[in-house]
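The lines below spell out each chain.
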Amino acid sequence: MAQLFKDVRIDWLGKRRFFIGLSIMLLLAGMGTAIYRHRFHPNGTEAFNLGVDFKGGTVVTARFKQPPTVEALRAAIDKAGIHDAVIQQVTSVPGEFLIRVAEQIPDSAPGANQTGVDPARAKVKQALNTFGPEAEPTKTLAEDPKAAYKIEGTDAVGQIASKQLRNQAIAVTIAALIGMLLFIAFRFEWTYGAAAVIAVFHTVLVTLGLFSIFQIEINLTVIAALLTLVGFDVNDSIVIFDRIRENRKLYRRMSLYEVTNLSINQTLSRTVITSGLVFLSVVALVTLGGETLRPFALALLMGIVFGTYDTIAIAGPIMVWWEKKLAAANKVPAASARESGIQTKGGGDGARGKVGKPSRAAQA
Amino acid sequence: MKKKNLLQRSIIIGIVTLVGLYIVIGPHGRRPHFKDFTYSGIKATLAQNIHLGLDLKGGSHLVMRVKVEDYLKHLTEDNATAAQIAAKDQSLEVKEAHAETAGGNYRVILQAADASKVQAIRDAVEKKVELADSKGWSFSASGPTMTWTLTSATERTLSESATDQAFKIIDSRINTLGVAEPTLQRHGAQNSHEILLQMPGIQDPEHVKRLLGNPSRLQLVHVVSPASPSPVQTYATKEEAIAALNSGGNIPANRRVVPYIERADSATTAAQEAKPETKPTKWVVVESPGIIDGAELRTATAVPSRAGGEEYEIAFSLKPSGATKFGNWTGANIDQYMGVDLNDEVRSIAFIKSQITDQGVIEGRFTKESADTLVLTLRSGALPAGIQYTEERTVGPSLGADSIRSGVRASVLGLALVVLFMLFYYHGAGINAVVALLLNMVLMIAGLIIFGATLTLPGIAGIILTIGMAVDSNVLIFERIREELRSGKTIPSAVEQGFGRAFVTIIDTHVTTIVSSLFLYVFGVGPIRGFAVTLVLGLLVNLFSAVYVSRTIFIWLLGRKGKRITSLSI
């Protein structure tokens, strides 16, 4: 039987300072970038590169004599500097296309007194001119023999994901996290719930931070990916917590510190296999899925990596630290000594040894 | 015992699988035909059953304008009536009240009987009716004529909020579960009050229009008529009804004459239903303003009038504010007739049997379809104003064939990697996991079809991913069984223990996510709801396929080899 990990004895909690330091650095880097971009707009960037879903824009309706393919049209518009246009062929009117583009900054060219939808129209026109000239304004497409196409209309459109939806998504996610917190508290302890939720927050914030640093486009599917991550991450935490709960009953003499390490190690195979499999499918999406799926797939990729990492590196230590605090506050010294593995900074060999061979002593 | 258990499990799994498969590949709404199960038949039904999104297949493109002037007109008229009543309540005499809504100006005009009472009337009116300066109505008076004019700033805000409200209502109406994946956007300039709707899959804009419906105003009204048991007073023509008012051919401000469309028998077919103009059979006189309007409704559901009957009625309950109003009115008007007024047409009339506070029933011999449509519009709230369609098109997919192909290819590759790994790493038990996985996929798609969900490219990637994550349950179980085997347990007891222990974990993880999805569903709208629906669906399916089915396969394996089993391929 092929076996990934046998009898692992890694002292995860002993490395907590390193992990938490790393996480704080990542969080700060992401937040710093977002704030910096928000304040100073280097190269015209914003805190987040919001996609066309979140921005108002313009719909240009154009009709062609010889309709090009959607791909050719997209390539031409991409060349003109509009990268996230949504192009739809109108099937009820032959040769007609709807081209939705995000709000465009007017060209600083002389005589450009363009406002509103005009800059978008100008840019789309520039792109469409590669297929031939536009019909004269006074003539219809059929009347102008030289024309290849005509822009039939330009209309402003609002964003698909309104600000309201965005705010609601945030509010609802927080409500959902509170729901999780309550349920985990009910099934385990408050501290477990809090630790899991903090870990989830951490993953979402780090992912958002990376999206800001690398200016990856955020669209509606990225929001869906983030919601998926929340579920995945909590899932991971619960698997380990569940093992901790079970092991605490089995090995009553072991400190929480040791039990946590043991539980992480026992579930390590599962963690690596599950995360690894999801990771593999997500890598397939990132590399082969094409432009459309890339932001979605990247959000998932980061989330899988950090979601797996934070269960071990964040949720575990926070839970142990908190439980210890509570135990110290509540219990008589004798009892708290048992819980205080973390303070003796077992880190070293003592603790590790115990993690490895606890069973006989405990079962006795 | 074990044998019987296995048989029972196999039967359940068999039935669920067959039902799931039928939902996916079988025709809906008609009897299956032999031809449906040939390759091309299945392909055709699949295309019908699975709705593809705007990005994959395109759909209808509709631009509609919210008739805000209608909304403002109604508002002004209601205010005029309310103003007159407010003055009367204070025993201040008003000769005449009317609304002037021509030329884009909205005015409430009151003629005081006595010019010296103008200030008193103004105070009385502004205390009760939203006609004060602070509400955006500027007051002027010349002699006994009092005029409230809607300021243009307020007109803009009101129009804007009416459009906004219409936007939200349309959204909730076409996307109740959040899985329909439409795009809804404001369209045109700020003051054009236009909304752009793209509805995936549906190639016929007329169908979308029907889906949207267009009822704008719902009221429960008091029908002026002798009390029950005498039948409700109706008139054959409008003129007859006006004549019966005895007010010299005019309709007083506190009365309206509206058509009463008796619901046709339940035999009415959908085709007839679609015809907008059915001749009103009768006319009735109703009190104005109504008792309560649609905004006071809390819930509405269509229920059969009799068990197993073809006729439907609509049970509703009211919000607390509406319940008080309605309770007072019904308490004081037992045996009076009450009508349900939809778009200035009375749809059904019933008499009050006893005081109704917070719930009631609209009887009207509805067909199932008409009851469902009405319920939907009642629940999502009536549109504040009518809508008119300014543009209709059908559009093709927004993604090029290339993008679609690479997206689908990547998703399938992801799935293949998962399958290969499971087979390689868990050997025999891997087959077990793959069977569970395939079943998972069939049931998941069946569930999406039941909810009428629309598949977009990210949606497909999401499903593949859900399935990838679903292997987690199997991994948990298998790893646990391996652990138990390592600790020296016999194979049957290792399997038993492995499932038992892993089951606790699986329940905990699944229930946690279901709990959080409930929050998303209850508090979320649109795509957030859709996300929650799909997620819960995936989890429930997974509990069945990964735990129940997987377990059954193990029971079967162990049972076949009996107690002498010496090795387990895991």
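Everything numeric in this text was worked out from a predicted model, so none of it was measured. (Residues numbered from 1 in each chain as written. Chains lettered and ligands numbered in written order. Predicted model: local features only at pLDDT ≥ 70, side-chain atom pairs only at ≥ 80, totals over all residues.)

The next subject is the pairing of strand S3 (residues 86-90) of chain A. Residue and element names in this part refer to chain A. For S3, a buried count of five out of five residues is recorded, marking the element as mostly surrounded by other parts of the structure. Neither face of S3 is open: one carries Val86, Gln88 and Val90, the other Ile87 and Gln89, and all of them are buried. For S3 and strand S4 (residues 96-102), the ladder comprises five bridges, and the chain directions are antiparallel. Note on S4: the bridge partner recorded for Val86 is Arg100. The antiparallel pairing of S3 with S4 creates a hairpin that spans five residues between the two strands, and Gly95 there sits at a positive phi of about 80°. (Buried ≥ 20, exposed ≤ 12 C-beta atoms within 10 Å, placed from the backbone. Helix = DSSP H or I, 4+ residues; strand = E, 2+ residues; numbered from the N terminus. Pairing = 2+ DSSP bridges.)

Residues Met180(A), Ala196(A), Leu226(A) and Leu300(A) are the most contacted members of the largest nonpolar core, which totals 137 residues. Those residues in contact with Leu226(A) that lie beyond four places of it in its chain are Val204(A), Thr207(A) and Ala299(A). Counting 69 residues, the second-largest nonpolar core is a separate cluster that includes Ala102(A), Val63(B), Ala86(B) and Ala385(B). (Core = buried A, V, L, I, M, F, W, Y, C linked by C-beta atoms within 7 Å. Contact = placed C-beta atoms within 7 Å.)

Attention now goes to the domain arrangement of chain B. Residue and element names in this part refer to chain B. Domain boundaries assigned for chain B yield domain 1 (2-57 + 397-564), domain 2 (59-195) and domain 3 (215-382). A separation of 54 Å is found between the C-alpha centroids of domain 1 and domain 2. Taken together, the contact pairs 15 residues of domain 1 with nine residues of domain 2. For the side of domain 1 that touches domain 2, the leading source of residues is helix H14 (residues 526-561), giving seven residues. Within the side of domain 1 that touches domain 2, the residues separate by chemical class into six nonpolar, seven polar and two charged. (Domains from an automatic or database assignment. Nonpolar A, V, L, I, M, F, W, Y, C, P; charged D, E, K, R; others polar.)

A few words now on the interface of chain B and chain A. Between chain B and chain A, the residue contacts involve 65 residues of the former and 61 residues of the latter. Looking at the side of chain B that touches chain A, the elements with two or more residues in it are strand S7 (183-187), strand S18 (387-395), helix H11 (401-450), helix H12 (457-486), helix H13 (491-523) and H14 of chain B. Residue classes in the side of chain B that touches chain A are distributed as 33 nonpolar, 24 polar and eight charged.

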